[in-house]
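Close look at the chain arrangement
One-letter residues, chain by chain:
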Amino acid sequence: MEKNQYRPETNAVRIQTEKTWQMEHSTPLFLTSSFTYDNAEEMRATFADETDNNIYTRFSNPNVDEFVHKVCALEGAEAGYATASGMSAVFASFMALMNAGDHLVSASSIFGSTHTVITKFLPKWGIEYSYFDINKPETVEALIRPNTKMIFVETPSNPGLEIVDMSLLAQIANKHNIILNVDNCFATPVLQRPIADGAHIVTHSATKWMDGQGRVLGGVVVGRKDLIKEIYSFCRSTGPAMSPFNAWVLSKSLETLHIRMARHSESALTLAKALEGNPNITWVKYPMLESHPQYAIAKKQMSGGGGIVCFELKGGLQSGTRFLDALKMLTLTANLGDSRSIASHPASTTHAKLTDAERAKVGITPGMIRISVGLENVQDILEDILQALENSK
Ligand SMILES: Cc1ncc(COP(=O)(O)O)c(C=O)c1O
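Residues numbered from 1 in each chain as written. Predicted model: local features only at pLDDT ≥ 70, side-chain atom pairs only at ≥ 80, totals over all residues. Heavy atoms only, no water.

Details of the overall build of the chain
The helix and strand tally for the chain stands at 15 helices and twelve strands. In terms of overall size, the chain behaves like a compact globule, its C-alpha atoms giving a radius of gyration of 21 Å where 393 residues would be expected to give roughly 21 Å. Dimensions of the chain along its principal axes, counting C-alpha atoms only, are 75 × 50 × 35 Å. Among the 393 residues that make up the chain, the fraction classed as buried is 55%. (Helix = DSSP H or I, 4+ residues; strand = E, 2+ residues; numbered from the N terminus. Rg over C-alpha atoms; globule rule 2.2 N^0.38 Å. Buried < 20%, exposed > 50% of the residue type's maximum accessible area, 1.4 Å probe, protein only.)

Here it is in C-alpha coordinates:
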(Lines give C-alpha, C1' and ligand atoms only; values in the text may rest on other atoms or scores of the structure.)
Protein backbone atom coordinates (compact mmCIF):
# COMPACT_ATOMS: atom_id res chain seq x y z
CA MET A 1 0.00 0.00 0.00
CA GLU A 2 1.26 3.49 -0.95
CA LYS A 3 2.08 5.39 2.25
CA ASN A 4 0.01 8.20 3.74
CA GLN A 5 2.74 10.71 2.89
CA TYR A 6 1.18 13.63 1.03
CA ARG A 7 -1.47 16.30 1.61
CA PRO A 8 -5.01 14.89 2.09
CA GLU A 9 -6.28 15.48 -1.47
CA THR A 10 -3.12 13.89 -2.91
CA ASN A 11 -3.42 10.90 -0.58
CA ALA A 12 -7.03 10.42 -1.75
CA VAL A 13 -5.68 10.09 -5.30
CA ARG A 14 -2.36 8.31 -4.71
CA ILE A 15 -2.93 5.73 -1.99
CA GLN A 16 -3.10 2.47 -3.89
CA THR A 17 -2.97 -1.21 -3.17
CA GLU A 18 0.22 -2.97 -4.26
CA LYS A 19 0.43 -3.42 -8.04
CA THR A 20 0.00 -6.94 -9.47
CA TRP A 21 2.50 -8.45 -11.95
CA GLN A 22 0.55 -6.63 -14.70
CA MET A 23 1.75 -3.24 -13.37
CA GLU A 24 -1.69 -1.72 -13.87
CA HIS A 25 -2.12 2.04 -13.38
CA SER A 26 -5.67 1.90 -12.02
CA THR A 27 -6.43 -0.57 -9.18
CA PRO A 28 -8.07 -3.74 -10.52
CA LEU A 29 -11.10 -5.32 -8.94
CA PHE A 30 -10.22 -8.18 -6.58
CA LEU A 31 -13.45 -10.16 -6.80
CA THR A 32 -12.45 -13.13 -4.72
CA SER A 33 -13.99 -14.64 -1.61
CA SER A 34 -10.73 -16.04 -0.30
CA PHE A 35 -6.94 -15.99 -0.85
CA THR A 36 -4.47 -18.82 -1.43
CA TYR A 37 -1.11 -19.92 0.08
CA ASP A 38 1.90 -21.70 -1.39
CA ASN A 39 2.18 -24.16 1.49
CA ALA A 40 0.84 -25.19 4.86
CA GLU A 41 3.45 -23.16 6.76
CA GLU A 42 2.45 -19.92 5.01
CA MET A 43 -1.19 -20.66 5.71
CA ARG A 44 -0.44 -21.40 9.39
CA ALA A 45 1.58 -18.19 9.76
CA THR A 46 -1.19 -16.15 8.11
CA PHE A 47 -3.83 -17.54 10.44
CA ALA A 48 -1.49 -16.81 13.37
CA ASP A 49 -1.35 -13.11 12.29
CA GLU A 50 2.37 -13.47 11.50
CA THR A 51 1.97 -12.16 7.90
CA ASP A 52 0.04 -9.36 6.17
CA ASN A 53 -1.61 -11.85 3.79
CA ASN A 54 -5.35 -11.74 3.29
CA ILE A 55 -7.44 -14.74 4.35
CA TYR A 56 -11.08 -14.18 3.46
CA THR A 57 -12.98 -11.16 2.10
CA ARG A 58 -15.21 -10.94 5.18
CA PHE A 59 -11.98 -10.11 7.09
CA SER A 60 -10.07 -8.02 4.52
CA ASN A 61 -9.66 -7.52 0.77
CA PRO A 62 -7.24 -5.33 -1.25
CA ASN A 63 -10.02 -3.09 -2.64
CA VAL A 64 -11.58 -2.63 0.78
CA ASP A 65 -8.16 -1.97 2.37
CA GLU A 66 -7.36 0.69 -0.23
CA PHE A 67 -10.66 2.47 0.49
CA VAL A 68 -10.14 2.26 4.27
CA HIS A 69 -6.54 3.56 4.01
CA LYS A 70 -7.75 6.57 2.05
CA VAL A 71 -10.49 7.37 4.58
CA CYS A 72 -7.97 7.01 7.44
CA ALA A 73 -5.61 9.41 5.66
CA LEU A 74 -8.42 11.91 5.04
CA GLU A 75 -9.76 11.71 8.61
CA GLY A 76 -6.33 11.59 10.28
CA ALA A 77 -7.28 8.24 11.86
CA GLU A 78 -5.06 5.39 13.06
CA ALA A 79 -7.23 2.55 11.72
CA GLY A 80 -10.59 1.71 10.17
CA TYR A 81 -13.02 -0.92 8.94
CA ALA A 82 -15.44 -0.65 5.99
CA THR A 83 -18.96 -2.03 6.11
CA ALA A 84 -21.81 -2.80 3.71
CA SER A 85 -23.76 0.37 4.58
CA GLY A 86 -23.62 3.43 6.79
CA MET A 87 -26.05 1.81 9.21
CA SER A 88 -23.84 -1.24 9.67
CA ALA A 89 -20.94 1.11 10.49
CA VAL A 90 -23.01 2.94 13.11
CA PHE A 91 -24.44 -0.33 14.47
CA ALA A 92 -21.01 -1.99 14.69
CA SER A 93 -19.60 1.06 16.50
CA PHE A 94 -22.34 0.68 19.15
CA MET A 95 -22.31 -3.10 19.48
CA ALA A 96 -18.55 -3.56 19.54
CA LEU A 97 -17.85 -0.81 22.06
CA MET A 98 -20.76 -1.15 24.50
CA ASN A 99 -21.89 -4.02 26.73
CA ALA A 100 -25.16 -4.88 28.44
CA GLY A 101 -25.51 -2.48 31.35
CA ASP A 102 -23.73 0.40 29.56
CA HIS A 103 -25.32 3.75 28.76
CA LEU A 104 -25.21 5.90 25.63
CA VAL A 105 -25.72 9.68 25.52
CA SER A 106 -26.84 10.78 22.06
CA ALA A 107 -28.15 13.93 20.44
CA SER A 108 -31.82 13.40 19.52
CA SER A 109 -31.33 15.05 16.09
CA ILE A 110 -30.03 12.02 14.22
CA PHE A 111 -30.81 9.96 11.13
CA GLY A 112 -34.08 7.96 11.46
CA SER A 113 -32.55 4.47 11.34
CA THR A 114 -29.93 5.43 13.94
CA HIS A 115 -32.81 6.62 16.14
CA THR A 116 -34.48 3.19 15.65
CA VAL A 117 -31.27 1.33 16.59
CA ILE A 118 -30.87 3.44 19.74
CA THR A 119 -34.47 3.37 20.94
CA LYS A 120 -35.63 -0.08 19.77
CA PHE A 121 -32.62 -2.39 19.61
CA LEU A 122 -30.03 -1.15 22.15
CA PRO A 123 -32.52 -1.50 25.07
CA LYS A 124 -33.28 -5.05 23.88
CA TRP A 125 -29.63 -5.90 24.58
CA GLY A 126 -29.57 -4.06 27.92
CA ILE A 127 -27.90 -0.85 26.68
CA GLU A 128 -29.56 2.28 28.07
CA TYR A 129 -29.68 5.66 26.35
CA SER A 130 -30.41 9.33 27.10
CA TYR A 131 -31.10 11.93 24.44
CA PHE A 132 -29.99 15.56 24.63
CA ASP A 133 -31.07 18.56 22.59
CA ILE A 134 -28.22 19.18 20.15
CA ASN A 135 -28.75 22.92 20.60
CA LYS A 136 -28.04 22.55 24.34
CA PRO A 137 -24.68 20.73 24.64
CA GLU A 138 -24.36 22.26 28.11
CA THR A 139 -26.95 19.66 29.24
CA VAL A 140 -24.74 16.69 28.27
CA GLU A 141 -22.61 16.50 31.40
CA ALA A 142 -25.65 16.16 33.68
CA LEU A 143 -26.73 13.07 31.71
CA ILE A 144 -23.48 11.21 32.29
CA ARG A 145 -23.73 8.28 34.70
CA PRO A 146 -21.08 5.89 36.04
CA ASN A 147 -22.08 3.39 33.28
CA THR A 148 -21.99 5.91 30.40
CA LYS A 149 -19.70 4.56 27.70
CA MET A 150 -20.25 6.74 24.65
CA ILE A 151 -21.45 10.13 23.37
CA PHE A 152 -22.87 10.01 19.83
CA VAL A 153 -23.65 12.94 17.54
CA GLU A 154 -24.20 13.81 13.90
CA THR A 155 -22.93 17.25 12.97
CA PRO A 156 -24.42 18.70 10.81
CA SER A 157 -27.46 16.56 11.60
CA ASN A 158 -29.72 14.89 9.06
CA PRO A 159 -32.05 16.46 8.09
CA GLY A 160 -32.17 19.55 10.37
CA LEU A 161 -28.57 20.75 9.73
CA GLU A 162 -28.03 21.36 13.43
CA ILE A 163 -24.41 21.75 14.50
CA VAL A 164 -22.68 20.95 17.77
CA ASP A 165 -19.26 22.01 19.04
CA MET A 166 -17.18 18.80 18.79
CA SER A 167 -14.29 20.10 20.89
CA LEU A 168 -16.70 20.91 23.74
CA LEU A 169 -18.09 17.35 23.62
CA ALA A 170 -14.53 15.95 23.44
CA GLN A 171 -13.61 17.81 26.64
CA ILE A 172 -16.61 16.28 28.43
CA ALA A 173 -15.87 12.82 26.98
CA ASN A 174 -12.21 12.93 28.03
CA LYS A 175 -13.04 14.20 31.51
CA HIS A 176 -15.33 11.18 32.06
CA ASN A 177 -13.25 8.66 30.07
CA ILE A 178 -16.05 8.17 27.51
CA ILE A 179 -15.82 7.52 23.77
CA LEU A 180 -16.90 10.41 21.49
CA ASN A 181 -18.39 8.93 18.30
CA VAL A 182 -19.17 11.41 15.48
CA ASP A 183 -21.18 10.60 12.33
CA ASN A 184 -19.35 12.79 9.79
CA CYS A 185 -21.53 11.85 6.81
CA PHE A 186 -22.83 15.34 5.98
CA ALA A 187 -19.51 17.20 6.14
CA THR A 188 -17.10 14.49 4.90
CA PRO A 189 -13.42 14.70 5.97
CA VAL A 190 -12.92 17.33 3.29
CA LEU A 191 -14.93 19.90 5.25
CA GLN A 192 -14.53 18.69 8.83
CA ARG A 193 -12.10 16.43 10.71
CA PRO A 194 -13.70 15.30 13.98
CA ILE A 195 -10.57 13.45 15.19
CA ALA A 196 -8.58 16.71 15.15
CA ASP A 197 -11.38 18.17 17.29
CA GLY A 198 -11.13 15.32 19.80
CA ALA A 199 -13.49 12.57 18.52
CA HIS A 200 -12.29 9.02 19.22
CA ILE A 201 -14.16 7.35 16.38
CA VAL A 202 -15.86 8.65 13.23
CA THR A 203 -18.61 6.87 11.32
CA HIS A 204 -19.76 7.45 7.74
CA SER A 205 -22.42 6.49 5.31
CA ALA A 206 -20.15 6.26 2.26
CA THR A 207 -23.36 5.91 0.23
CA LYS A 208 -23.75 9.71 0.30
CA TRP A 209 -21.07 12.25 -0.64
CA MET A 210 -18.21 9.73 -0.66
CA ASP A 211 -19.77 7.84 -3.57
CA GLY A 212 -21.28 11.08 -4.78
CA GLN A 213 -23.06 9.54 -7.73
CA GLY A 214 -25.81 7.45 -6.16
CA ARG A 215 -24.41 4.07 -7.21
CA VAL A 216 -23.43 1.95 -4.22
CA LEU A 217 -24.06 1.51 -0.50
CA GLY A 218 -21.17 1.59 1.93
CA GLY A 219 -20.09 2.56 5.40
CA VAL A 220 -16.83 3.07 7.23
CA VAL A 221 -15.71 3.59 10.80
CA VAL A 222 -12.28 4.99 11.58
CA GLY A 223 -10.47 6.14 14.71
CA ARG A 224 -8.28 5.04 17.60
CA LYS A 225 -6.51 1.74 16.98
CA ASP A 226 -7.67 -0.02 20.16
CA LEU A 227 -11.33 0.88 19.46
CA ILE A 228 -11.15 -0.18 15.80
CA LYS A 229 -9.61 -3.47 16.90
CA GLU A 230 -12.81 -4.20 18.86
CA ILE A 231 -14.97 -3.14 15.89
CA TYR A 232 -12.92 -5.31 13.52
CA SER A 233 -13.28 -8.29 15.84
CA PHE A 234 -17.07 -7.79 16.01
CA CYS A 235 -17.42 -7.37 12.23
CA ARG A 236 -15.05 -10.19 11.29
CA SER A 237 -17.31 -12.63 13.12
CA THR A 238 -20.73 -11.09 12.42
CA GLY A 239 -20.14 -10.33 8.73
CA PRO A 240 -21.25 -6.81 7.66
CA ALA A 241 -18.25 -6.56 5.27
CA MET A 242 -18.14 -4.12 2.35
CA SER A 243 -18.13 -5.84 -1.05
CA PRO A 244 -14.88 -5.46 -3.07
CA PHE A 245 -16.89 -4.01 -5.97
CA ASN A 246 -18.38 -1.27 -3.79
CA ALA A 247 -14.94 -0.57 -2.30
CA TRP A 248 -13.47 -0.27 -5.80
CA VAL A 249 -16.16 2.25 -6.78
CA LEU A 250 -15.81 4.18 -3.52
CA SER A 251 -12.02 4.32 -3.63
CA LYS A 252 -12.18 5.83 -7.11
CA SER A 253 -14.84 8.26 -5.86
CA LEU A 254 -12.53 9.53 -3.11
CA GLU A 255 -10.10 10.74 -5.81
CA THR A 256 -12.61 13.47 -6.69
CA LEU A 257 -14.11 14.09 -3.24
CA HIS A 258 -12.22 17.35 -2.67
CA ILE A 259 -13.24 18.99 -5.92
CA ARG A 260 -16.79 17.69 -5.64
CA MET A 261 -17.29 18.94 -2.06
CA ALA A 262 -15.86 22.35 -3.00
CA ARG A 263 -18.38 22.65 -5.85
CA HIS A 264 -21.31 21.25 -3.81
CA SER A 265 -20.51 23.76 -1.03
CA GLU A 266 -20.12 26.70 -3.41
CA SER A 267 -23.42 25.98 -5.18
CA ALA A 268 -25.26 25.31 -1.91
CA LEU A 269 -24.12 28.66 -0.48
CA THR A 270 -25.18 30.47 -3.68
CA LEU A 271 -28.56 28.76 -3.52
CA ALA A 272 -29.06 29.43 0.20
CA LYS A 273 -28.24 33.13 -0.23
CA ALA A 274 -30.54 33.42 -3.25
CA LEU A 275 -33.45 31.84 -1.35
CA GLU A 276 -33.07 33.97 1.81
CA GLY A 277 -35.82 36.57 1.76
CA ASN A 278 -37.93 34.73 -0.85
CA PRO A 279 -41.60 35.65 -0.10
CA ASN A 280 -42.71 31.98 -0.21
CA ILE A 281 -40.16 30.86 2.39
CA THR A 282 -40.13 31.43 6.18
CA TRP A 283 -36.48 30.55 6.77
CA VAL A 284 -33.44 29.09 5.02
CA LYS A 285 -30.89 26.98 6.91
CA TYR A 286 -27.31 26.43 5.77
CA PRO A 287 -24.21 26.14 8.01
CA MET A 288 -22.40 29.01 6.31
CA LEU A 289 -25.30 31.50 6.45
CA GLU A 290 -24.85 34.06 9.22
CA SER A 291 -28.48 33.41 10.18
CA HIS A 292 -27.67 29.77 11.14
CA PRO A 293 -28.01 29.53 14.95
CA GLN A 294 -24.62 27.78 15.21
CA TYR A 295 -22.88 29.81 12.49
CA ALA A 296 -19.93 30.61 14.79
CA ILE A 297 -19.37 26.91 15.55
CA ALA A 298 -19.73 26.00 11.87
CA LYS A 299 -17.04 28.58 11.00
CA LYS A 300 -14.79 27.18 13.74
CA GLN A 301 -14.99 23.48 12.86
CA MET A 302 -15.97 23.34 9.16
CA SER A 303 -14.08 24.65 6.14
CA GLY A 304 -17.26 24.69 3.99
CA GLY A 305 -20.98 24.24 4.54
CA GLY A 306 -21.52 21.06 2.48
CA GLY A 307 -24.21 20.33 -0.08
CA ILE A 308 -27.43 20.31 1.96
CA VAL A 309 -29.74 23.35 2.17
CA CYS A 310 -33.04 23.33 4.08
CA PHE A 311 -35.90 25.81 3.94
CA GLU A 312 -39.42 26.12 5.31
CA LEU A 313 -42.32 26.74 2.93
CA LYS A 314 -44.86 29.32 4.13
CA GLY A 315 -47.75 26.98 3.24
CA GLY A 316 -46.64 24.18 5.62
CA LEU A 317 -47.31 20.47 5.08
CA GLN A 318 -49.57 20.80 2.00
CA SER A 319 -47.16 23.15 0.27
CA GLY A 320 -44.42 20.56 0.80
CA THR A 321 -46.09 17.95 -1.39
CA ARG A 322 -47.17 20.61 -3.95
CA PHE A 323 -43.56 21.84 -4.12
CA LEU A 324 -42.23 18.33 -4.88
CA ASP A 325 -44.86 17.89 -7.63
CA ALA A 326 -43.97 21.25 -9.19
CA LEU A 327 -40.25 20.49 -9.59
CA LYS A 328 -39.14 19.82 -13.16
CA MET A 329 -35.43 18.96 -12.89
CA LEU A 330 -34.64 18.08 -9.25
CA THR A 331 -35.17 14.40 -8.46
CA LEU A 332 -37.54 12.99 -5.84
CA THR A 333 -35.60 10.12 -4.30
CA ALA A 334 -34.61 8.74 -0.90
CA ASN A 335 -30.94 9.64 -1.11
CA LEU A 336 -28.60 12.60 -0.82
CA GLY A 337 -25.05 13.44 -1.76
CA ASP A 338 -25.43 12.83 -5.49
CA SER A 339 -24.17 14.71 -8.56
CA ARG A 340 -27.89 15.16 -9.37
CA SER A 341 -29.80 17.61 -7.16
CA ILE A 342 -32.46 15.98 -4.99
CA ALA A 343 -35.45 17.42 -3.12
CA SER A 344 -37.19 15.78 -0.18
CA HIS A 345 -39.99 16.69 2.20
CA PRO A 346 -39.30 14.81 5.46
CA ALA A 347 -42.73 15.56 7.06
CA SER A 348 -44.66 13.69 4.33
CA THR A 349 -42.10 10.92 3.73
CA THR A 350 -39.27 9.74 6.02
CA HIS A 351 -40.81 11.27 9.17
CA ALA A 352 -44.53 11.03 8.25
CA LYS A 353 -45.30 8.64 11.14
CA LEU A 354 -44.16 11.14 13.79
CA THR A 355 -46.40 13.80 15.35
CA ASP A 356 -45.58 17.51 14.79
CA ALA A 357 -44.15 17.65 18.32
CA GLU A 358 -41.95 14.58 17.74
CA ARG A 359 -40.76 16.01 14.42
CA ALA A 360 -39.95 19.34 16.07
CA LYS A 361 -37.73 17.51 18.57
CA VAL A 362 -35.56 16.20 15.73
CA GLY A 363 -35.46 19.55 13.93
CA ILE A 364 -38.18 18.92 11.31
CA THR A 365 -40.96 21.42 10.64
CA PRO A 366 -44.13 20.76 8.53
CA GLY A 367 -43.09 22.63 5.39
CA MET A 368 -39.38 21.84 5.57
CA ILE A 369 -37.72 20.95 2.27
CA ARG A 370 -34.23 19.41 2.15
CA ILE A 371 -32.25 20.05 -1.00
CA SER A 372 -29.15 17.98 -1.77
CA VAL A 373 -27.35 20.34 -4.10
CA GLY A 374 -25.78 18.52 -7.03
CA LEU A 375 -23.15 19.36 -9.60
CA GLU A 376 -25.47 20.87 -12.23
CA ASN A 377 -25.07 24.57 -13.07
CA VAL A 378 -26.38 26.29 -9.94
CA GLN A 379 -28.57 28.63 -12.03
CA ASP A 380 -30.52 25.62 -13.34
CA ILE A 381 -30.99 24.34 -9.76
CA LEU A 382 -32.12 27.78 -8.56
CA GLU A 383 -34.51 28.35 -11.49
CA ASP A 384 -36.21 24.98 -10.92
CA ILE A 385 -36.67 25.74 -7.21
CA LEU A 386 -37.94 29.28 -7.87
CA GLN A 387 -40.54 28.12 -10.40
CA ALA A 388 -41.65 25.30 -8.05
CA LEU A 389 -42.02 27.84 -5.21
CA GLU A 390 -44.25 30.03 -7.44
CA ASN A 391 -46.33 27.02 -8.52
CA SER A 392 -46.85 25.49 -5.07
CA LYS A 393 -48.21 28.45 -3.11
C1 LIG B 1 -26.14 10.92 8.75
C2 LIG B 1 -26.39 9.54 8.27
N3 LIG B 1 -25.83 8.50 8.90
C4 LIG B 1 -26.06 7.22 8.50
C5 LIG B 1 -26.87 6.95 7.41
C6 LIG B 1 -27.08 5.51 6.99
O7 LIG B 1 -26.39 5.23 5.84
P8 LIG B 1 -26.76 4.03 4.83
O9 LIG B 1 -28.02 4.44 4.15
O10 LIG B 1 -25.57 3.97 3.93
O11 LIG B 1 -26.94 2.80 5.65
C12 LIG B 1 -27.44 8.00 6.71
C13 LIG B 1 -28.31 7.73 5.55
O14 LIG B 1 -28.99 8.62 5.04
C15 LIG B 1 -27.20 9.33 7.14
O16 LIG B 1 -27.74 10.38 6.51
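From this point, the discussion proceeds with the structure in view.
Quick notes on helix 7 (residues 166-175)
Of all the positions in helix 7, only Met-166, Leu-169, Ala-170, Ile-172 and Ala-173 are classed as buried. Seen along its axis, helix 7 keeps its buried residues to an arc of 165°; they face one direction. Looking at helix 7, the residues exposed on the side facing more than 90 degrees away from the buried face are Gln-171 and Lys-175. Against helix 6 (140-143), strand 4 (148-154), strand 5 (179-183) and helix 12 (295-301) lie the buried residues of helix 7. (Arc of directions from axis to C-beta. Contact = heavy atoms within 4.5 Å.)

As for the sheet that holds strand 11 (residues 342-344)
Sheet architecture is open: five strands sit in the order 8-9-12-11-10, paired in mixed fashion. Of all strands in the sheet, those with a lone pairing partner are strand 8 (281-285) and strand 10 (331-332), marking the two edges. In this structure, strand 9 (residues 308-313) lies alongside strand 12 (residues 368-372), joined through five bridges in antiparallel fashion. Across the sheet, the residue bridging to Val-309 is Ile-371, located in strand 12. (Pairing = 2+ DSSP bridges.)

Section: the sheet that holds strand 7 (residues 219-223)
Read from one edge to the other, the open sheet built from seven strands follows the order 1-7-6-5-4-2-3, with strand pairing classed as mixed. For this open sheet the edge positions go to strand 1 (79-83) and strand 3 (128-132), each flanked by a neighbour on one side alone. If you compare each strand with its neighbour and ignore which way they point, the axes differ by 20° on average. Where strand 2 (residues 103-107) lies against strand 3, five bridges are found, and the strand directions are parallel. In the sheet register, Leu-104 faces strand 3, and the bridge partner there is Tyr-129. Its contacts with the sheet place helix 5 (residues 112-121) against strand 2, strand 3 and strand 4, and it is angled at close to 135° to strand 3. Contacting strand 4 and strand 5, helix 7 runs over the sheet at an angle of about 155° to strand 5. (Axes fitted to C-alpha atoms, helices over the stretch in contact; angles between N-to-C directions.)

Notes on the side chain of His-292
Here His-292 lies in the loop between strand 8 and helix 12. At 2.7 Å, the side chain of His-292 forms a polar contact with the backbone oxygen of Leu-161. With sequence-adjacent residues up to four places away left out, His-292 is seen in contact with Leu-161, Ile-163, Lys-285, Tyr-286 and Pro-287. (Polar contact = N/O pair within 3.5 Å; in protein donor to acceptor, adjacent residues only side chain to side chain.)

Concerning the nonpolar core
Residues Phe-67, Leu-271, Leu-275, Phe-311, Phe-323, Ile-371 and Ile-385 are the most contacted members of the largest nonpolar core, which totals 82 residues. The residues that make up this core include at least three from each of domain 1 (8-30 + 61-254) and domain 2 (257-390). (Core = buried A, V, L, I, M, F, W, Y, C linked by side-chain atoms within 4.5 Å. Domains from an automatic or database assignment.)

A few points about the UniProt feature "modified residue: N6-(pyridoxal phosphate)lysine" (unreviewed entry) in the chain
Those places that UniProt annotates as "modified residue: N6-(pyridoxal phosphate)lysine" (unreviewed entry) correspond, in this numbering, to Lys-208. Tracing the backbone through its elements, the reader meets Lys-208 in the loop between strand 6 (201-205) and strand 7. In this view, Lys-208 contacts Cys-185, Asn-335, Leu-336 and Gly-337; residues no more than four positions away in its chain are not counted. (UniProt positions renumbered as here; feature names shortened; annotations may be inferred.)

With respect to the domain arrangement of the chain
Domain boundaries in the chain define domain 1 (8-30 + 61-254) and domain 2 (257-390). The gap between the C-alpha centroids of domain 1 and domain 2 is 24 Å. The partner domain 2 presents 39 residues to the 35 residues of domain 1 that form the contact. For the pairing of domain 1 and domain 2, the buried interface totals around 3100 Å² over both sides, and the portion due to carbon and sulfur atoms is 59%. Contact with domain 2 buries surface across domain 1, with Ile-163, Leu-191 and Trp-209 losing the most and accounting together for 27% of the total. (Buried area = accessible area lost by both parts, 1.4 Å probe.)

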